[in-house]
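Residue-level structure breakdown
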Amino acid sequence: MTNRRDFLTQAGAMLAARHPLTGSVRPAMAPARPTPSRPQLDWQRDELAMFLHFGVNTFTDREWGDGSEDPVIFAPRALDARQWARSARAAGFRTMILTAKHHDGFCLWPTRTTDHSVARSTWRDGKGDVVRELVDACRAEGLKAGVYLSPWDRNAPAYGDSPRYNEMYRAQLTELLTQYGPIQEVWFDGANGEGPNGKRQVYDWPRVWQLVRQLQSNAVMFSDAGPDVRWIGNENGSAGETNWSTVDPAVVPYPGASGDAATRMLQQGDPAGSVWRPGETDVSIRPGWFYHPADDVNVKSVDRLVALYFSSVGRNSKLLLNVPPTREGLLHATDVARLAGMRTTLDGLFTRDVAAGHRMTWKVSGRTATGELDLGHATSIGIVDLAEDIMHGQVVARYAVEGSDGGSWRTLSRGTTIGYRKLDRFAPVTARHIRLRIDDAADKPRRVRLRLHSDD
Ligand code: FUL
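These remarks concern the structure in this document. Predicted model only: the values in this text are computed from it and were never measured.

Let's talk about the packing of helix α9 (residues 302–311) against helix α10 (residues 333–350)
Between α9 and α10, the least distance of the axes is 8 Å, while the angle of their chain directions is 55 degrees. One way to sum up the angle between α9 and α10 is to call them oblique. Our pair here, α9 against α10, has a crossing hand that is right-handed. Contacts between α9 and α10 pair V302, L305, V306, Y309 and F310 from the former with R338, L339, G341, M342, T345, L346, L349 and F350 from the latter. In terms of residue class, the contact of α9 with α10 is built from 10 nonpolar, 2 polar and 1 charged.

With respect to the sheet that holds strand β4 (residues 185–187)
Spatially, the 8 strands close up into a barrel ordered β1-β2-β3-β4-β5-β6-β9-β10, and their pairing is parallel. Sheet twist, expressed as the average angle between the axes of neighbouring strands with direction ignored, equals 25 degrees. Those strands touched by helix α4 (residues 81–90) are β1 (48–52) and β2 (95–101), and its axis lies near 145 degrees from that of β2. Running at roughly 145 degrees to strand β10 (residues 318–322), α9 makes contact with β1, β9 (279–284) and β10 of the sheet.

Re helix α2 (residues 38–45)
Those residues of α2 that fall on the buried side of the exposure criterion are P39, Q40, L41, W43 and Q44. Elements in contact with the buried residues of α2: β4, β5 (220–223), β6 (229–231), β8 (275–276), β9 and β10. Backbone geometry just after α2 places E47 at a positive phi near 65 degrees.

Considerations on the packing of α4 against helix α5 (residues 130–141)
The contact between α4 and α5 brings their axes to 8 Å, and the two run at 40 degrees. Put simply, α4 runs oblique to α5. The chirality of how α4 crosses α5 is right-handed. Residues A81, R82, W84, A85, R86 and R89 of α4 form the contact with α5, whose own contacting residues are V130, E133, L134, A137, A140 and E141.

Describing the pairing of strand β12 (residues 368–387)
Bridge count for strand β11 (residues 361–365) against β12 is 5 bridges, and the pairing is antiparallel. Each bridged residue has a counterpart across the sheet, and for T361 the counterpart in β12 is E372. The antiparallel pairing of β11 with β12 creates a hairpin that spans 2 residues between the two strands, and G366 there sits at a positive phi of about 60 degrees. Of the pairings in the sheet, the one linking β12 to strand β15 (residues 422–441) comprises 13 bridges and is antiparallel in character. Each bridged residue has a counterpart across the sheet, and for E372 the counterpart in β15 is R435.

A closer look at the nonpolar core
With 87 residues, the main nonpolar core has W84, M96, V130, L173, F188 and L321 as its most contacted residues. Discounting chain neighbours no more than four positions away, the residues touching M96 are M50, L52, A81, W84, A85, A88, L134, C138, L143, K144, A145 and G146. In this structure, V354, V401, I438 and L452 belong to the second largest nonpolar core, which totals 28 residues.

Things to note about the side chain of D353
The topology assignment puts D353 in the loop between α10 and β11. Buried charge D353 goes without a salt bridge, the closest partner of opposite sign being R451 at 4.3 Å. A polar contact is formed between the side chain of D353 and the backbone nitrogen of L452, at a distance of 3.0 Å. Other than its neighbours up to four places away in sequence, D353 contacts R451, L452 and H453.

Section: the environment of W231
By the secondary structure assignment, W231 is in strand β6. Sequence separation of W231 and G190 is 41 residues, and the distance between their C-alpha atoms is 10.0 Å. When sequence neighbours within four positions are dropped, the list of residues in contact with W231 reads F222, S223, D224, L266, E280 and D282. Separated by 3.4 Å, the side chain of W231 and the backbone oxygen of N234 make a polar contact.

What counts, and where the lines are drawn
Residues numbered from 1 in each chain as written. Predicted model: local features only at pLDDT ≥ 70, side-chain atom pairs only at ≥ 80, totals over all residues. Heavy atoms only, no water. Axes fitted to C-alpha atoms, helices over the stretch in contact; angles between N-to-C directions. Helix = DSSP H or I, 4+ residues; strand = E, 2+ residues; numbered from the N terminus. Parallel < 35°, antiparallel > 145°, perpendicular 65-115°, else oblique. Left-handed = near helix turned anticlockwise from the far one by under 90°. Contact = heavy atoms within 4.5 Å. Nonpolar A, V, L, I, M, F, W, Y, C, P; charged D, E, K, R; others polar. Pairing = 2+ DSSP bridges. Buried < 20%, exposed > 50% of the residue type's maximum accessible area, 1.4 Å probe, protein only. Core = buried A, V, L, I, M, F, W, Y, C linked by side-chain atoms within 4.5 Å. Lys, Arg positive; Asp, Glu negative; His and termini not counted. Salt bridge = Lys/Arg side-chain N within 4 Å of Asp/Glu carboxyl O. Polar contact = N/O pair within 3.5 Å; in protein donor to acceptor, adjacent residues only side chain to side chain.

If you want it as structure tokens, here you go:
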């Protein structure tokens, strides 16, 4: 068995072998490197989004419904989307993404496309609309809203009758993207099954993507295959330690594509990739995606949540943390307390940048560069926070951060990609002089932003 670290090292070596980063192998007239669109840039800078899995599964204690659930079971007694939004905002989240429809096909808004929706429940006398309450709460708290609309629908009779279901799916998307104001992110899961006719549904992704572009041009679309942001390849909160925001789209051409090459592409991206498609790291605060009372004792600890921030945002990704509402329709007090704890810890860690006010020199030589700064006196350092100016793309392929007190240089941290943000955390060391070495890059390296924190 290869452990994960070995796998990543091997995968990194394979990528490097396929796409050497030295100038000699690049064509003389290399095309400009990909850069993010404005919505992709905004999406990444938000760093934290909250995922909310909520629906009939919340009431059946299941993770996947089969579509036969009676809508009357959807009966949250105290649903309060403002409570979700307040908790999210207080913890530093910028977006909330709701499962408007999960695989069971139950719609959390009163859709015209099916009876299988909140309109058939007793919640708010069948006049409720969870999507509306979500977007209203987001607006009130200054958050952005997103929707998850499962393509796999285990309730729709048309599922498996491909053209007919594709029309229904597009009609559902149209409702969600025209009735609720700006939607920041549209989340497409890759699950794909057979319909009641025994046939496998064939999704029409090009038309789906085109529809979203047409209706919400500022929204980013998430799926394994983007087109704007990609799945990071696992659900345990860990982006590749090497993580390029560029990919080769041919390797993951549609949501649900599998295999080693696809997984590697999702986890690590590709330095020679032709499109900008940064990775989103989705993980749940609980063992499951939906709320289960038995999991109240298994909510991730504050330390675990902080570690997730480092292994996602701190690896050039974005963290989409799932916090599932309870049967009451509220975020559980334990989850809310953990989120607040995460925020307090992160704020504490990043309060004081000991490099602030100390100008770093910057010398470039081909595809390498060196930056140096003098902190003025021996200073304790436990976190290195690096950033490329991704408006101009991502190029750094290997770097090291070193410290000295006037004598020889000692390595504080080293890594491969940087991108939007790279966080390295280590047992605190004391140093006065700091050197950042870019040892390899896909193009001439621009000045890298360096922050330093003590981690005490
Ligand atoms: C998966 C789904 O099958 C899970 O239920 C969950 O929604 C997760 C985020 O995506 O593919």
